[in-house]
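Here is what each chain is made of, one letter per residue.
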Amino acid sequence: MITYDVKIRVWYKHTDQMGVVHHSNYICYYEEARSAFMRHIGTSYADMEARGVVMPILHVESDYRRSAYYDDELTVRISVSDVPKARFIANYEVFNSKGELLNTGSTTLGFLRKDNMRPCRAPQWFVDLLIANGLESDN
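Here we summarise the structure given alongside this text. Predicted model only: the values in this text are computed from it and were never measured.

Basis of the calculations
Residues numbered from 1 in each chain as written. Predicted model: local features only at pLDDT ≥ 70, side-chain atom pairs only at ≥ 80, totals over all residues. Heavy atoms only, no water. Pairing = 2+ DSSP bridges. Helix = DSSP H or I, 4+ residues; strand = E, 2+ residues; numbered from the N terminus. Axes fitted to C-alpha atoms, helices over the stretch in contact; angles between N-to-C directions. Salt bridge = Lys/Arg side-chain N within 4 Å of Asp/Glu carboxyl O. Buried < 20%, exposed > 50% of the residue type's maximum accessible area, 1.4 Å probe, protein only. Core = buried A, V, L, I, M, F, W, Y, C linked by side-chain atoms within 4.5 Å. Contact = heavy atoms within 4.5 Å. Arc of directions from axis to C-beta.

1. Remarks on the sheet that holds strand β5 (residues 87-95)
Strand order in the open sheet formed by 5 strands is β1-β4-β5-β6-β3, with antiparallel pairing between adjacent strands. Either end of the sheet is taken by a strand with one partner, and the two such strands are β1 (2-9) and β3 (57-64). Along the sheet, successive strands turn relative to each other by an average axial angle of 20°, direction set aside. Two elements, β3 and strand β6 (residues 101-110), share 7 bridges in a ladder whose sense is antiparallel. Within β6, the residue paired with valine 60 across the bridge is threonine 107.

2. A few points about the pattern of salt bridges
Under the criterion given, the structure shown has 5 salt bridges. Residue arginine 51 pairs with aspartate 47 through a salt bridge whose shortest N-O separation is 3.4 Å. Under the relative-accessibility criterion, arginine 51 is labelled partly exposed at 48%. Put simply, arginine 66 and glutamate 100 hold a salt bridge, and the shortest N to O gap is 3.3 Å. Placement of arginine 66 in the loop between β3 and β4 (73-80) and of glutamate 100 in the loop between β5 and β6 is noted, with a sequence separation of 34 residues between them. The exposure class of glutamate 100 is partly exposed, given its relative accessible area of 25%.

3. As for the nonpolar core
Counting residues in each nonpolar core, the largest one holds 36 residues, and the members touching the most others are Tyr29, Phe37, Met55, Phe88, Phe111, Phe126 and Leu130. Looking at this core, the elements that each hand over two or more residues are β1, α1 (25-41), α2 (45-50), β4, β5, β6 and α3 (124-132). For this core, the leading source of residues is α1, giving 8 residues. The residues touching phenylalanine 126, leaving out its near neighbours within four places in the chain, are Met38, Ile41, Thr43, Met48, Pro84, Phe88 and Phe111.

4. Quick word on α3
Within α3, the full set of buried residues consists of Phe126, Val127 and Leu130. Across the axial projection of α3, the buried residues extend over an arc of 100°, all falling on one side. The exposed set on the far side of α3, more than 90 degrees from its buried face, consists of Gln124 and Ala132. Residues of α3 that are buried in the fold lie against β1, α1, α2 and β5. Remark: glycine 134 follows α3 within two positions and exhibits a positive phi of approximately 115°.

Spatial relationships are all this shows, so hold off on functional conclusions.
Shown next, in the form of structure tokens:
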């Protein structure tokens, strides 16, 4: 398993009238964590697209346990435990600065060839990056 932590500061515009982070923003926090994770392992979504592969979201789950508030510093922990074949699954935990678990979630992304938008397998170079960064191969 690979884990990576990203710090996010809650902006005022992320909150509702009660001063609580609106539930939809957690999906954005997941995306920010995924993007930072990609850079951490040595690539980016822009690099993936330049190499001819796009990664659309196929499924999202999000469970809310506690509230986050304006100006809170959150830690979003992304975890990847499986070598992707046709789908890339990431799990998330969101903590406040006290270490309290606020939210858990997951995203499932697919791989499509950019030129024809048809499904494809995870590029081998991407799988190799994940393995080089500590993900255990199931081979």
